[in-house]
Amino acid sequence: MSPQTIAKLNAINKTFYQKQADSFDLTRQHPWNGWQQLKPHLEHKSLAVLDLGCGNGRFEQFLVANN
């Protein structure tokens with residue numbers, strides 16, 4: 001893929017997320033039900049979690065609230 005194509009795709013992606021971020025965030029305010037299954041594993045002091053991906057930080061907030 002050429003550098004010009006990469007730059008164009010990155011620009012399209014950036015514009016899309018700038019337009020959609022607020023509505024995306026409004027629909028993702030609560031933890032998923034399945035996250036409750038993680039609670040027994042959060043009691044371990046040596047636990048380390050790396051959360052990479054798209055989102056608004058709600059998984060991190062869940063981990064902090066339940067650790």
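Up top you'll find the structure we're talking about.
Only a predicted model underlies this, so the values are computations on that prediction, with no experimental measurement involved. (Residues numbered from 1 in each chain as written. Predicted model: local features only at pLDDT ≥ 70, side-chain atom pairs only at ≥ 80, totals over all residues. Heavy atoms only, no water.)

Peer 1: So what exactly am I meant to see when it comes to the layout of surface pockets here?
Peer 2: Space left empty within the atom packing is revealed by a probe, the size of a water molecule, rolled over the atoms. Here the largest pocket is characterised by a volume of approximately 210 Å³. Along its surface, the largest pocket is lined by 13 residues, and D51, C54, G55, N56 and R58 are the ones closest to its centre. Taken together, the residues that form the lining of the largest pocket break down as 6 nonpolar, 4 polar and 3 charged. (1 Å grid on protein atoms, 1.4 Å probe; cavity = no way out; pocket = protein on both sides within 12 Å on 5 of 7 lines; lining within 4 Å. Points joined across faces, edges and corners; volume = space filled by probe spheres on them. Nonpolar A, V, L, I, M, F, W, Y, C, P; charged D, E, K, R; others polar.)

Peer 1: What am I meant to see in helix 1 (residues 3-26) here?
Peer 2: Working note: α-helix, 3.6 residues per turn, so residues spaced by three or four point in the same direction. The end-to-end C-alpha distance of helix 1 is 35 Å, a good match for the 34 Å that 24 residues give at a rise of 1.5 Å each. Along its length, helix 1 shows its largest kink, about 50°, at Q20. (Helix = DSSP H or I, 4+ residues; strand = E, 2+ residues; numbered from the N terminus. Expected span 1.5 Å × (residues − 1). Bend = angle between axes of the 7 residues up to and from the residue.)

Peer 1: Please explain helix 2 (residues 58-65) as it appears in this structure.
Peer 2: Buried within helix 2 are the following residues: R58, F59, F62 and L63. Down the axis of helix 2, the sector holding all buried residues measures 145°, keeping them to one side. Opposite the packed face of helix 2, turned more than 90 degrees from it, sit the exposed residues Q61, V64 and A65. (Buried < 20%, exposed > 50% of the residue type's maximum accessible area, 1.4 Å probe, protein only. Arc of directions from axis to C-beta.)

Peer 1: What exactly am I supposed to notice about the environment of Q36 here?
Peer 2: Note on placement: Q36 falls in the loop between helix 1 and helix 2. What makes Q36 partly exposed here is its relative accessible area of 37%. Sequence separation between Q36 and S46 is 10 residues; the distance between their C-alpha atoms is 19 Å. Within the structure, the side chain of Q36 is placed 3.0 Å from the side chain of K39, a separation counted as a polar contact. (Polar contact = N/O pair within 3.5 Å; in protein donor to acceptor, adjacent residues only side chain to side chain.)

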